[in-house]
Amino acid sequence: MSANVVWNIVRKTSAYRVKRSGLDLSREPGNLTNTNTFKSSGLAQSKTVDVNLDARGNPTLAVSVPARANKPASSKFVVRLTRGKLARRAKNVTNTTSKVFFRRDLEKAALARLTRLHLARTRPGGVNKTPRARR
């Protein structure tokens with residue numbers, strides 16, 4: 001099925017959709033920015049990039065393989081980012097996304113997610129959120 005048809009079905013009736021404080025968000029796998037948009041949708045796009053933690057708490061980079069879309073068990077290629085420091089992990093993410101022309105538009109979002117996961121693991125108190133300005 002084409003990505004546009006899937007997006008038209010999923011965009012308003014997804015189980016991952018969250019509406020909060022006037023924002024339209026999404027919790028679907030493969031969505032790096034957590035926004036409910038066609039560009040960042042992990043369900044509608046054939047090429048997706050996802051950065052998450054595995055069971056041990058190590059960051060992983062999951063990349064979808066469009067040629068194996070009809071075989072769900074092998075449709076994602078998962079790389080464990082356990083070696084080295086944050087700079088080496090970031091280089092691995094950059095090489096996987098933009099160096100091989102695989103979703104260059106998601107490179108910054110993937111690096112931001114990797115940085116937040118790294119800070120959450122290394123800081124004793126987790127990630128400090130910056131206070132929002134009141135309107």
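Reading guide: rules and limits
- Residues numbered from 1 in each chain as written.
- Predicted model: local features only at pLDDT ≥ 70, side-chain atom pairs only at ≥ 80, totals over all residues.
- Heavy atoms only, no water.
- Axes fitted to C-alpha atoms, helices over the stretch in contact; angles between N-to-C directions.
- Helix = DSSP H or I, 4+ residues; strand = E, 2+ residues; numbered from the N terminus.
- Parallel < 35°, antiparallel > 145°, perpendicular 65-115°, else oblique.
- Left-handed = near helix turned anticlockwise from the far one by under 90°.
- Contact = heavy atoms within 4.5 Å.
- Nonpolar A, V, L, I, M, F, W, Y, C, P; charged D, E, K, R; others polar.
- Buried < 20%, exposed > 50% of the residue type's maximum accessible area, 1.4 Å probe, protein only.
- Lys, Arg positive; Asp, Glu negative; His and termini not counted.
- Salt bridge = Lys/Arg side-chain N within 4 Å of Asp/Glu carboxyl O.
- Polar contact = N/O pair within 3.5 Å; in protein donor to acceptor, adjacent residues only side chain to side chain.
- Core = buried A, V, L, I, M, F, W, Y, C linked by side-chain atoms within 4.5 Å.
- Pairing = 2+ DSSP bridges.

Visitor: What exactly am I supposed to notice about the packing of helix H2 (residues 86-97) against helix H3 (residues 107-122) here?
Guide: Any two packed helices are characterised by the angle at which their axes cross and by the distance between the axes. As a packed pair, H2 and H3 sit with axes 10 Å apart at the nearest point and diverge in direction by 155 degrees. Relative to H3, the element H2 is oriented roughly antiparallel. Between H2 and H3 the crossing geometry is right-handed. Here H2 contributes Leu-86, Arg-89, Ala-90, Val-93, Thr-94 and Thr-97 to the contact with H3, which in turn contributes Glu-107, Ala-110, Leu-111, Leu-114, Thr-115, His-118 and Arg-121. In terms of residue class, the contact of H2 with H3 is built from 6 nonpolar, 4 polar and 3 charged.

Visitor: Please clarify how the side chain of Asp-50 should be interpreted in this entry.
Guide: Residue placement: Asp-50 occurs in strand S3 (residues 49-53). Within the buried core, Asp-50 has no salt-bridge partner, and the shortest N-O distance to an opposite charge, that of Arg-113, equals 4.0 Å. Of the polar contacts made by the side chain of Asp-50, one reaches the backbone nitrogen of Gly-30; its length is 3.4 Å. Here the side chain of Asp-50 touches Asn-52 through a polar contact of 2.9 Å, side chain to side chain. Not counting residues up to four positions away in its chain, the partners in contact with Asp-50 are Pro-29, Gly-30, Leu-32, Thr-60, Leu-61, Ala-62 and Arg-113.

Visitor: What exactly am I supposed to notice about the nonpolar core here?
Guide: Side chains of nonpolar character tend, in soluble globular proteins, to be buried together. Leu-32, Val-49, Val-51, Leu-61, Val-93 and Ala-110 are the most contacted members of the largest nonpolar core, which has 13 residues in total. Those elements that place two or more of their residues in this core are S3, strand S4 (59-64) and H3. A per-element tally of this core places H3 first, with 4 residues. The residues contacting Val-93, other than those within four sequence positions of it, are Leu-61, Leu-81, Ala-110, Leu-111 and Leu-114.

Visitor: Quick question: what am I supposed to make of the environment of Asn-36 here?
Guide: Tracing the backbone shows Asn-36 in the loop between strand S2 (23-26) and S3. Among the residues examined, Asn-36 registers a relative accessible area of 13% and is labelled buried. It is 5.0 Å that separates the C-alpha atoms of Asn-36 and Leu-25, two residues lying 11 residues apart in sequence. Beyond its immediate sequence surroundings of up to four residues, Asn-36 is in contact with Trp-7, Arg-11, Arg-17, Asp-24, Leu-25 and Ser-26.

Visitor: Before we go on, may I ask you to explain the sheet that holds S3 in this structure?
Guide: The antiparallel open sheet is built from 3 strands, whose spatial order is S3-S4-S5. For this open sheet the edge positions go to S3 and strand S5 (76-80), each flanked by a neighbour on one side alone. Across this sheet, the average inter-strand angle for adjacent strands is 25 degrees, counted without regard to direction. Of the pairings in the sheet, the one linking S4 to S5 comprises 5 bridges and is antiparallel in character. Bridge pairing in S5 places Val-63 opposite Phe-77. Its contacts with the sheet place H2 against S3, S4 and S5, and it is angled at close to 0 degrees to S4.

Keep in mind that these numbers describe shape and distance, not what the molecule does.
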